[in-house]
Amino acid sequence: MTPTNRNGRNSINRRAALRGAAGLAAAAGFTPVRFAIGQTVSVKVGFLLPYSGTYAALGHNITEAFKLRVDERGGKLGGRPVDYVAVDDESDPGKAADNTNKLVTRDKVDVIVGTVHSGVQLGVSKVARDTNSLLIIPNAGVNAATGPLCGSGIFRSSFSNWQPGYPMGTVMTERGHKRAVTLTWKYAGGEEILGGFKEGYEKAGGKVVEELYLPFPNTEFQALLTKIADIKPDAVFVFFAGGGAVKFVKDYHAAGLRKSIPLYSTGFLTDGTLKAQGQAAEGLFTTLHYGDGLNTPKDNAFRSAFEARGKGEADVYAVQGYDAAQMLAAGLDAVKGDVGARGELVKGIEQATIDSPRGPFTIGKNHNPVQNIYLREVKNGKNIVVGVAAKALMDPGRGCKLA
Ligand code: PHB
């Protein structure tokens, strides 16, 4: 687990010192240059991510890639050095509010970067709204975070749960699969990703004939695979990620279902997991906002730089962590590091075009990326991009009251 760093300087004292210095400058008759004095003080970033359990690898890649982007900028955002604090959220929704409050009240972070699990995100987003904290969500797709729980200081560098599954509806009907069974963990992440898929699939003329669930993060799939074999649908669409995705793909293959009942998913099933899944994943089609073989200068440079850090290969989670840092940089650069200039900082992020390894993206009115969703096929252990399933797809932002 990434160690929790508790040695950041006390922000209240830092702010008091800054106010004092600025006051002296003003009394001496200087026209204050924005935040020139404060630029030596660190910006404090609080990671709230899973560093244990089935999503541990996701949290690690987000953290590492965020730090990579900061390092590429000479360790600075908006001209200020960066300090980190990291808390393991354990993918436990019951601990979300307490953990977030700790970062806000005890650690006094300037920005929260979190999290991965949609159920945990609901708690994190509520505290961020209540405390008017700046929050960048580097994975969790829970629709409410850029819907009813959206906020002017809340941004997402990843996706909404509606986004990656919706375009798969057309892909599957065009491939002749008219009756599908869905299967996932019973929690907001799984339910909403399958919800996005179902909306697109039924609009395209398909029918979801059965929705199967198991509790998060359970991986006892056998009884459900037997049920699928009995139902005999044209295809199966699932959501699993991390450690659970490795086990599911292997179990589906071992059950001998791959030929008779084709398996589809969002790319979370096969991103960061292909090495462990091996042959069992070959030929799988998935949709996601990232993929292998994009072969753009930006993506190639990102992947080499990430791998050079010696902590593994880049994947979609690394991209989202890297882009969380790029979004924060856009905001902080716009105000030269003055986190107190919130309105302009927010505008700096809203107006940015993020030069992401996934391809450039803009930020929608509800603060969610407007981005391409790629169709990918697993070939020789890679998620090769074979098409664009939806171009510049914007989350509907249902229930978000931002202008
Ligand atoms: C989520 O809970 O929103 C979630 C978790 C892991 C993923 C994707 C979405 O890979």
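Heads up: the structure comes first, above all this text.
About the criteria used
- Residues numbered from 1 in each chain as written.
- Predicted model: local features only at pLDDT ≥ 70, side-chain atom pairs only at ≥ 80, totals over all residues.
- Heavy atoms only, no water.
- Helix = DSSP H or I, 4+ residues; strand = E, 2+ residues; numbered from the N terminus.
- Rg over C-alpha atoms; globule rule 2.2 N^0.38 Å.
- Areas by Shrake-Rupley, 256 points an atom, 1.4 Å probe, with all protein chains shown as cover.
- Disulfide = S-S within 2.5 Å.
- Buried < 20%, exposed > 50% of the residue type's maximum accessible area, 1.4 Å probe, protein only.
- Axes fitted to C-alpha atoms, helices over the stretch in contact; angles between N-to-C directions.
- Parallel < 35°, antiparallel > 145°, perpendicular 65-115°, else oblique.
- Contact = heavy atoms within 4.5 Å.
- Nonpolar A, V, L, I, M, F, W, Y, C, P; charged D, E, K, R; others polar.
- Core = buried A, V, L, I, M, F, W, Y, C linked by side-chain atoms within 4.5 Å.
- Pairing = 2+ DSSP bridges.
- Near = heavy atom within 4 Å.
- Polar contact = N/O pair within 3.5 Å; in protein donor to acceptor, adjacent residues only side chain to side chain.

Some words on the overall build of the chain
- Broken down by element type, the chain carries 13 helices and 14 strands.
- Whereas a compact globule of 403 residues would reach a radius of gyration of roughly 22 Å, the chain reaches 22 Å, a difference of no more than 12%.
- Principal-axis analysis of the C-alpha atoms places the extent of the chain at approximately 80 × 40 × 40 Å.
- Surface exposure of the chain reaches about 15,700 Å², of which carbon and sulfur atoms provide 53%.

Concerning the state of the cysteines
- Within the structure shown, the criterion is met by one disulfide.
- Here C150 is linked by a disulfide to C400, with a sulfur-sulfur distance of 2.2 Å. Its torsion about the S-S bond being 90°, the disulfide of C150 and C400 is classed as right-handed. Of this pair, C150 sits in the loop between strand 5 (135-137) and strand 6 (154-156) while C400 sits in the segment after strand 14 (382-393); the two residues are 250 residues apart in sequence, bridging distant segments of the chain. In terms of burial, C150 and C400 fall into one category: buried.

Focus on the packing of helix 11 (residues 297-308) against helix 12 (residues 316-334)
- Contact pair helix 11 / helix 12: the axes reach a minimum separation of 12 Å and the direction vectors enclose 105°. As summarised for this structure, helix 11 and helix 12 are arranged roughly perpendicular, according to the angle between their axes. Between helix 11 and helix 12, the residues in contact are K298, F302 and F306 and A318, V319, Y322 and Q326, respectively.
- Per-class residue counts for the contact of helix 11 with helix 12 are five nonpolar, one polar and one charged.

Thoughts on the nonpolar core
- By size, the foremost hydrophobic cluster in this structure holds 93 residues, and its most contacted members are F66, F240 and F248.
- Counting residues per element, this core draws most heavily on helix 12, at 11 residues.
- In this structure, F66 is in contact with V45, F47, Y84, V113, G321, Y322, A324, A325 and L328, ignoring residues within four places of it in sequence.
- Core analysis: the second largest hydrophobic core is formed by 18 residues, L48, V120, L135 and A188 among them.

So, the sheet that holds strand 2 (residues 76-77)
- In space, the six strands of this open sheet follow the order 2-3-1-4-5-6, with mixed pairing throughout. At either margin of the open sheet sits one strand with a lone partner, and together these are strand 2 and strand 6.
- The sheet strands contacting helix 2 (residues 56-72) are strand 1 (43-49), strand 2, strand 3 (80-88) and strand 4 (111-113), and the helix crosses strand 1 at an angle near 160°.

Quick notes on the site of the ligand
- Inspection of the region around the ligand gives 16 residues, with S118, G141, Y187, A241 and Y317 positioned closest.
- V116 places a main-chain nitrogen or oxygen 3.4 Å from an oxygen atom of the ligand.
- Here G141 contributes a backbone N or O atom positioned 3.0 Å from an oxygen atom of the ligand.
- In the complex, 100% of the free accessible area of the ligand, which totals 280 Å², lies under the protein chains.
- Across the shell around the ligand, the residue classes tally to 10 nonpolar, six polar and no charged.

Here we look at the pairing of strand 3
- Within strand 3, seven of the nine residues are buried, which leaves the element mostly enclosed by the surrounding structure.
- Looking at chain direction, strand 1 and strand 3 are connected through seven bridges and run parallel. Considered in strand 3, the bridge of G46 is made with V85.
- With two bridges joining them, strand 2 and strand 3 adopt antiparallel strand pairing.

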